[in-house]
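# Structural overview
So the chains spell out like this:
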Amino acid sequence: MANSYHRPDQKRIQALKDAANKLRILSIKCTNASNSGHPTSCCSAAEIMSVLFFNTMRYKVSFPRDPSSDRFIMSKGHCAPILYAAWQLAGLFSESELMNLRKIDSDLEGHPTPRLNFIDVATGSLGQGLGVACGMAYSGKYFDNASYRVYCLMGDGETAEGSIWEAVAFASHYKLDNLVGIVDVNRLGQSEPTSLQHNLEAYRKRFDGFGWNAVIVDGNDIEELCRAMHEANTVKGRPTCLIAKTLKGKGIPNIEDEENWHGKALGAKADEAIAAISSLISDSQLPQPQPVIDDAPGVNINEITLSEPPNYKLGDKVATRVAYGTALAKLGKSNDRVIALDGDTKNSTFAITFKKAHPERYIECYIAEQNLVGVAVGCATRDRHVAFVSTFGAFFSRAFDQIRMGAISQTKVNFCGSHAGISIGEDGPSQMALEDLAMFRTIPGGVVFYPSDAVSCERAIELAANYNGITFTRSSRPATAVLYGNDEIFEIGKAKVVVKSDNDAVTVVGAGVTLHEAISAANTLKGEGINIRVVDIFTLKPIDGDTILSSAKATNGKIITVEDHYYEGGLGEAVAGVASGERDITIRRLAVNAIPRSGPGSVLMQKFGIDSTAIVRAVKEMIA
């Protein structure tokens with residue numbers, strides 16, 4: 001058989017053993033140099049890393065992010081030292097540079113981040129690596145149709161995370177046979193032994209039950225690992241997981257398999273440990289990485305535009321969630337690297353419009369929002385795709401950790417949260433996104449779009465596709481009037497003044513459904529001889545401070561903000577932040593002040609004081 005296993009000769013096996021022990025020594029040295037880190041966690045994985053980097057994986061030391069090279073995710077991110085050591089041993093940088101681990105002027109941080117050119121995503125918040133690996137593997141198998149494979153090393157402790165099992169289910173469902181998971185079962189967690197300790201059969205049954213090819217292996221045995229990796233790379237139709245029995249602190253006298261050594265440099269014990277490990281190393285030559293199969297297609301994700309401009313009539317009633325799907329389908333027509341992912345809400349978020357137009361580029365992630373985000377981050381690595389992720393805005397809250405790690409990973413993923421606020425009505429508070437703006441405003445470098453009509457929504461999605469970072473677009477369920485002409489130009493960080501006169505008494509700032517309430521209030525007040533200025537914020541982050549302040553100064557320093565969101569962290573606080581350094585500005589904030597309940601959207605907006613009647617009342621009180 002062409003794929004039959006050929007046992008490495010004794011010389012190569014010894015070279016891989018030597019590489020593993022060199023990786024141990026480097027891990028001990030660099031953590032001692034920083035007086036912090038996780039050398040014992042690194043030592044359990046030394047043979048795994050040796051076989052991966054010097055016998056199994058295909059990659060280029062000269063170009064770590066080569067599109068065709070194999071991908072490796074160190075999900076147990078606290079083992080960064082041995083990952084850095086592997087690339088150092090491969091020749092990417094010097095040993096002296098490795099000794100700068102965790103220093104303020106070094107990119108060799110305590111846990112991996114893409115500041116380093118050989119890291120695709122940040123890890124360290126445990127349980128997230130496999131989801132990202134799924135996205136990489138899905139891209140390789142279904143989008144790139146390329147030979148590269150994806151390897152993900154997990155700790156046994158992190159398999160307690162539910163996100164791991166969301167990813168396991170996803171990989172099995174999509175038959176990701178180009179994905180290899182490895183669980184480093186070293187028995188010991190941070191504060192005590194793991195729940196399963198060395199019950200390898202329990203791990204095997206769990207992965208097997210999800211439809212994986214699960215293989216128990218001695219993770220500190222080079223030859224067993226070589227054989228298992230070969231099997232993993234030849235199995236078709238399902239992913240493989242190696243359940244690797246290891247010992248924490250392997251090779252370190254009096255520390256191997258002992259508790260209370262997690263996250264501690266060896267200190268005075270380092271010399272004894274290095275001497276013991278060095279005695280096992282012979283004078284062998286380090287094997288070179290396997291050559292890359294150069295078959296990943298070239299891609300271009302720059303300057304993506306709508307295939308045709310918005311096409312609406314002023315005054316038409318269109319929900320922004322509908323416009324999201326329309327815009328997304330247009331982007332997909334314009335560029336074949338635009339992809340969409342959803343968590344079984346596509347008929348509500350209108351990602352279904354994209355699926356109907358481009359079914360081969362839609363990924364159904366089912367009701368598993370943490371994995372939904374992880375897969376998107378994986379798909380977006382190495383600038384292979386522009387990913388759009390949608391679900392109800394409320395449900396992104398359970399994936400916030402994945403989103404914030406995406407920011408640390410310098411990812412370019414676009415999120416759209418539909419069913420925002422109390423305006424969704426009868427579904428009740430569990431479905432109402434009332435924290436989403438606060439959540440996404442905290443994401444460093446992110447953009448928060450809050451379009452108020454179909455035209456601005458389409459343009460927000462177009463802007464998002466070209467933004468180098470995380471974006472969030474808040475879409476609404478109610479159909480609202482088209483306010484802007486189809487040729488209106490929108491920019492990130494630029495608000496629109498939609499109602500204005502020469503003698504406005506108050507500035508009202510709104511977004512989404514509340515902007516329409518503000519316009520209605522302006523019409524009512526005008527009939528009573530009171531003019532107000534109405535501002536459409538468009539992007540809540542970055543916020544257009546210039547327009548807010550100039551409008552406030554033109555209206556006697558009076559601002560009212562109105563939002564379909566809780567008081568904390570949303571539009572009102574953003575505007576207050578802009579005005580915080582100014583004198584003589586008064587702000588009145590209208591927002592949802594308690595947990596809502598089921599009921600018609602219009603009734604709820606009235607009940608919680610964010611409808612046009614409440615705005616009229618607030619204006620009159622402010623100018624009284």
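Bear in mind that the values here come from a model prediction, so they are computed numbers and not experimental data.

### A closer look at the overall build of the protein chain
When helices and strands are counted, the protein chain shows 22 helices and 19 strands. In summary, the protein chain has a C-alpha radius of gyration of 28 Å against a globular reference of 25 Å for 624 residues, a match within 12%. Viewed in the frame of its principal axes, the protein chain has a C-alpha envelope of about 95 × 50 × 40 Å. Summed over all atoms, the accessible surface of the protein chain reaches about 23,200 Å², with 46% contributed by carbon and sulfur. A gap of 1 Å separates the mean positions of the 64 positive and 71 negative side-chain charges of the protein chain.

### Re the sheet that holds strand β19 (residues 586-592)
Pairing is mixed across the open sheet formed by 5 strands, whose spatial order is β14-β16-β15-β18-β19. In this open sheet, the two edge strands, each paired with only one partner strand, are β14 (496-499) and β19. The mean angle between the axes of side-by-side strands here comes to 25°, regardless of whether they run parallel or antiparallel. Relative to strand β16 (residues 532-536), strand β15 (residues 506-510) runs parallel, the two being bridged by 5 bridges. Residue pairing across strands places Gly-510 opposite Asp-536, the latter belonging to β16. Relative to β16, helix α19 (residues 545-554) is tilted by about 175°, and along the sheet it contacts β14, β15, β16 and β18 (558-566). The sheet contacts of helix α22 (residues 612-623) involve β15, β16, β18 and β19, and relative to β19 the element is tilted by about 160°.

### As for the environment of Ala-376
Positionally, Ala-376 belongs in helix α14 (residues 369-380). Sequence separation of Ala-376 and Ile-537 is 161 residues, and the distance between their C-alpha atoms is 28 Å. When near neighbours in sequence (up to four residues on either side) are disregarded, Ala-376 contacts Leu-341, Ala-387, Val-389 and Val-413.

### Section: the domain arrangement of the protein chain
Segmenting the protein chain into domains produces domain 1 (10-279), domain 2 (316-482) and domain 3 (496-623). Taken together, the contact pairs 36 residues of domain 2 with 31 residues of domain 3. Both faces combined, the contact of domain 2 with domain 3 buries some 2,500 Å², and carbon together with sulfur accounts for 63% of it. Per-residue buried area on domain 2 facing domain 3 is highest for Ile-422, Arg-441 and Tyr-450; these three make up 29% of the total on that side. Where domain 2 touches domain 3, the interface holds 0 salt bridges. Inspection of the region where domain 2 meets domain 3 yields 19 residue pairs in polar contact (both at pLDDT 80 or more). Those elements giving two or more residues to the side of domain 2 that touches domain 3 turn out to be α16 (436-441), β11 (447-450), α17 (454-465) and β13 (480-481). For the side of domain 2 that touches domain 3, a count of residues per class yields 19 nonpolar, 11 polar and 6 charged.

### Observations regarding the pairing of strand β3 (residues 179-185)
Of all 7 residues that make up β3, 7 are buried, and the element is covered over most of its length. Because side chains alternate across β3, one face comprises the buried residues Leu-179, Gly-181, Val-183 and Val-185, and the other comprises Val-180, Ile-182 and Asp-184, equally buried. Examined bridge by bridge, β3 and strand β5 (residues 240-245) share 6 bridges and lie parallel to one another. Within β5, the position partnered with Gly-181 by the bridge is Cys-241.

### Some details on the nonpolar core
Leu-179, Leu-341 and Phe-415 are the most contacted members of the largest nonpolar core, which totals 75 residues. A per-element tally of this core places helix α6 (residues 129-143) first, with 8 residues. Met-49, Ala-85, Val-215 and Cys-226 belong to the second-largest nonpolar core, a separate cluster that totals 53 residues.

### With respect to the packing of helix α1 (residues 10-34) against helix α3 (residues 46-56)
Two numbers describe how α1 lies on α3: the axes approach to 8 Å, and their chain directions differ by 120°. The orientation of α1 relative to α3 falls into the category oblique. Along this stretch, α1 crosses α3, giving a crossing that reads as right-handed. On α3, the residues touching Arg-12, Leu-16, Ala-19, Ala-20, Leu-23 and Arg-24 of α1 are Ala-46, Glu-47, Met-49, Ser-50, Phe-54 and Asn-55. The residue inventory of the contact of α1 with α3, partitioned by class, reads 7 nonpolar, 2 polar and 3 charged.

### Regarding the packing of aromatic side chains
Evaluated as defined, the whole model comprises 24 aromatic pairs. Ring centres 6.4 Å apart and planes at 90° place the aromatic pair Phe-396 and Phe-472 in the edge-to-face group. Here Phe-396 is found in the loop between β9 (386-392) and α15 (400-408), whereas its partner Phe-472 is found in strand β12 (residues 471-474), with 76 residues between them in sequence. The exposure class of Phe-396 is buried, given its relative accessible area of 0%. The interplanar angle of 0° and the centroid separation of 4.0 Å between the aromatic rings of Phe-440 and Phe-472 together place this pair among those described as stacked. Separated by 32 residues along the polypeptide, Phe-440 in helix α16 and Phe-472 in strand β12 bring together distant segments of the chain.

### Examining α15
Inspection of α15 places Gln-402, Ile-403, Met-405 and Gly-406 among the buried residues, and these make up the whole buried set. End-on view of α15: buried residues confined to an arc of 165°, all on one side of the axis. Against the buried residues of α15 lie α7 (162-173), α14, β10 (413-418) and α16.

### Points about the side chain of Arg-337
By the secondary structure assignment, Arg-337 is in the loop between α11 (320-334) and β7 (338-342). Accessibility expressed as a relative area gives 7% for Arg-337, which makes it buried. A polar side-chain atom of Arg-337 sits 3.2 Å from the main-chain carbonyl oxygen of Arg-384. Those residues within four positions of Arg-337 in sequence are excluded, and the remaining contacts are Phe-143, Asp-144, Pro-297, Val-299, Ile-301, Arg-361, Arg-384, His-385 and Val-386.

What counts, and at which threshold
- Residues numbered from 1 in each chain as written.
- Predicted model: local features only at pLDDT ≥ 70, side-chain atom pairs only at ≥ 80, totals over all residues.
- Heavy atoms only, no water.
- Helix = DSSP H or I, 4+ residues; strand = E, 2+ residues; numbered from the N terminus.
- Rg over C-alpha atoms; globule rule 2.2 N^0.38 Å.
- Areas by Shrake-Rupley, 256 points an atom, 1.4 Å probe, with all protein chains shown as cover.
- Lys, Arg positive; Asp, Glu negative; His and termini not counted.
- Charge placed at Lys NZ, Arg CZ, Asp CG, Glu CD.
- Pairing = 2+ DSSP bridges.
- Axes fitted to C-alpha atoms, helices over the stretch in contact; angles between N-to-C directions.
- Contact = heavy atoms within 4.5 Å.
- Domains from an automatic or database assignment.
- Buried area = accessible area lost by both parts, 1.4 Å probe.
- Salt bridge = Lys/Arg side-chain N within 4 Å of Asp/Glu carboxyl O.
- Polar contact = N/O pair within 3.5 Å; in protein donor to acceptor, adjacent residues only side chain to side chain.
- Nonpolar A, V, L, I, M, F, W, Y, C, P; charged D, E, K, R; others polar.
- Buried < 20%, exposed > 50% of the residue type's maximum accessible area, 1.4 Å probe, protein only.
- Core = buried A, V, L, I, M, F, W, Y, C linked by side-chain atoms within 4.5 Å.
- Parallel < 35°, antiparallel > 145°, perpendicular 65-115°, else oblique.
- Left-handed = near helix turned anticlockwise from the far one by under 90°.
- Phe/Tyr/Trp six-rings, centres within 6.5 Å; stacked < 30°, edge-to-face > 60°.
- Arc of directions from axis to C-beta.

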